[in-house]
Amino acid sequence: MTNKFTFSFFSFCFFLMGFAQEVHFKASIKNPNTNSIFIRSGRSFNYEIKGDEKGNFESTFKAEANIYQFYDGVEYTTLFLKPGTDLSLEMDAAEFDESIVYTGVGAKENNYLAQKALSNENEELFGMMDLEKEAFYKTFEVLKEKRLAAFEAEDLDPDFKIKYKRMLLQEFLVIQQYYAQVQKTKKLNGIEAPNFTYENIAGEKVILTDFKGKYVYIDVWATWCAPCRAEIPHLKEVEKAFHDKDIVFISLSVDALKDKEKWAKMVNEKELGGVQIFADNSWNSDFVKAFEINSIPRFLLIDPNGIVLDADAARPSDKKLTKQLNELMP
């Protein structure tokens, strides 16, 4: 009797231990883009959760402590999961990043990620791209240490802090690489812009040289790029402010060909303005390669004669852009 009880008790304990190693995740999504959501980590982890007709998704699965990618078939965000996480998400896919709210075990870390996705923390760093090398790196190191210190002071899960700090350091590395790229692309200013012919959202051919006589502002982006999506509201504001001026706003997607329908769906659902076109060969498209574009978002400004004014123009969220356009088109 005692042996059976002992065996049953330990079996129950092992069952609880096994359950604790799992993640419980559920989501209530208004206006869902698809009936499936995916939790991803590189190529090694891709977990699908199917939903019902009301946009409810729920599953329990095993996942090690890590920052994952949440994908709803059209847009992306980041998630922190670890064994024992019991997380609930509420959002409206029509206002994807802006509407994310988490509750439950792990909510604090994931709400932190959601808020960081909306912040413009890197705006100051990207605003330093015109500085000389010594001045840039001196200021860069000061801002980097300041942000790292602020993050270390946050009361967050220790596993999360390890993973997020690694991601943050990678982000700083990308900004340094971007600065080096900016300095490199300055030599492209003043050249005649290479032409392109790409399809718009209606499947019609759009030729860059057809816009000669107008300024052309080109946004190189992709649907999976969170910083690109963060610029969309700002781009809409700039387009509205200069709608009666001699300028054309072109958004050039470098999404993979297999994601063309996802691109078209986002363009329609987000009511993206300007001229929306799709690069014929993603990163290997001739126009993209000519400008040595290897990170996005990237913005270009071309004058009415087809000459490159700025091969790495200010972002829509940067007040420098509005100032520059007002000076060009008073």
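Residues numbered from 1 in each chain as written. Predicted model: local features only at pLDDT ≥ 70, side-chain atom pairs only at ≥ 80, totals over all residues. Heavy atoms only, no water.

1. Some details on the overall build of the protein chain
Along the backbone of the protein chain there are nine helices and 15 strands. Each principal axis of the C-alpha distribution contributes one length, and for the protein chain these read about 95 × 50 × 30 Å. Looking at the protein chain as a whole, 45% of its 330 residues qualify as buried. Summarising the internal contacts of the protein chain: among those between residues at least 6 apart in sequence, 64% fall at separations of at least 24. Averaging the positions of the 41 positive and the 52 negative side-chain charges in the protein chain gives two centres separated by 4 Å. (Helix = DSSP H or I, 4+ residues; strand = E, 2+ residues; numbered from the N terminus. Buried < 20%, exposed > 50% of the residue type's maximum accessible area, 1.4 Å probe, protein only. Contact = heavy atoms within 4.5 Å. Lys, Arg positive; Asp, Glu negative; His and termini not counted. Charge placed at Lys NZ, Arg CZ, Asp CG, Glu CD.)

2. Observations regarding the confidence of the model for the protein chain
Looking at the protein chain as a whole, its pLDDT mean stands at 89, while 94% of the residues score no less than 70. Confidence over residues 9-20 falls short of pLDDT 50; this stretch has two contacts with residues more than four positions distant or in other chains. (pLDDT = per-residue confidence, 0-100.)

3. Remarks on the pattern of salt bridges
Applying the stated rule across the entire model yields 20 salt bridges. For Glu75, the salt bridge goes to Arg229, with nearest N and O atoms at 2.8 Å. Pair noted here: Glu75 is in the loop between strand E5 (66-71) and strand E6 (76-81) and Arg229 is in helix H6 (residues 226-241), with a separation of 154 residues, a long-range link. Like Glu75, the residue Arg229 is buried in the burial classification. Notably, a salt bridge pairs Lys260 with Glu199, separated by 3.0 Å at the nearest N-O pair. (Salt bridge = Lys/Arg side-chain N within 4 Å of Asp/Glu carboxyl O.)

4. A closer look at the state of the cysteines
By definition, a disulfide links the sulfur atoms of two cysteine residues through a covalent bond. According to the stated counting rule, one finds one disulfide in the structure shown. At a sulfur-sulfur separation of 2.4 Å, the disulfide partner of Cys225 is Cys228. Handedness here is read from the sign of the S-S torsion; for Cys225 and Cys228, about 80°, the answer is right-handed. Taken individually, Cys225 and Cys228 each receive the classification buried, so the pair is uniform in this respect. (Disulfide = S-S within 2.5 Å.)

5. Some thoughts on the sheet that holds strand E7 (residues 86-92)
Sheet architecture is open: four strands sit in the order E4-E1-E7-E8, paired in mixed fashion. Looking along the sheet, the strands with just one partner apiece sit at the ends: strand E4 (56-62) and strand E8 (101-105). Strand-to-strand twist of the sheet, defined as the mean angle between neighbouring strand axes without regard to direction, takes the value 15°. Helix H2 (residues 107-118) rests against E7 and E8 of the sheet, and its axis sits at about 160° to E8. (Pairing = 2+ DSSP bridges. Axes fitted to C-alpha atoms, helices over the stretch in contact; angles between N-to-C directions.)

6. So, H2
Along its twelve residues, H2 runs 17 Å from first to last C-alpha, staying within 8% of the 16 Å computed at 1.5 Å per residue. Buried within H2 are the following residues: Ala107, Glu109, Asn110, Tyr112, Leu113 and Ala114. Residues of H2 that are buried make contact with E6, E7, E8, helix H4 (133-152) and helix H5 (158-185). (Expected span 1.5 Å × (residues − 1).)

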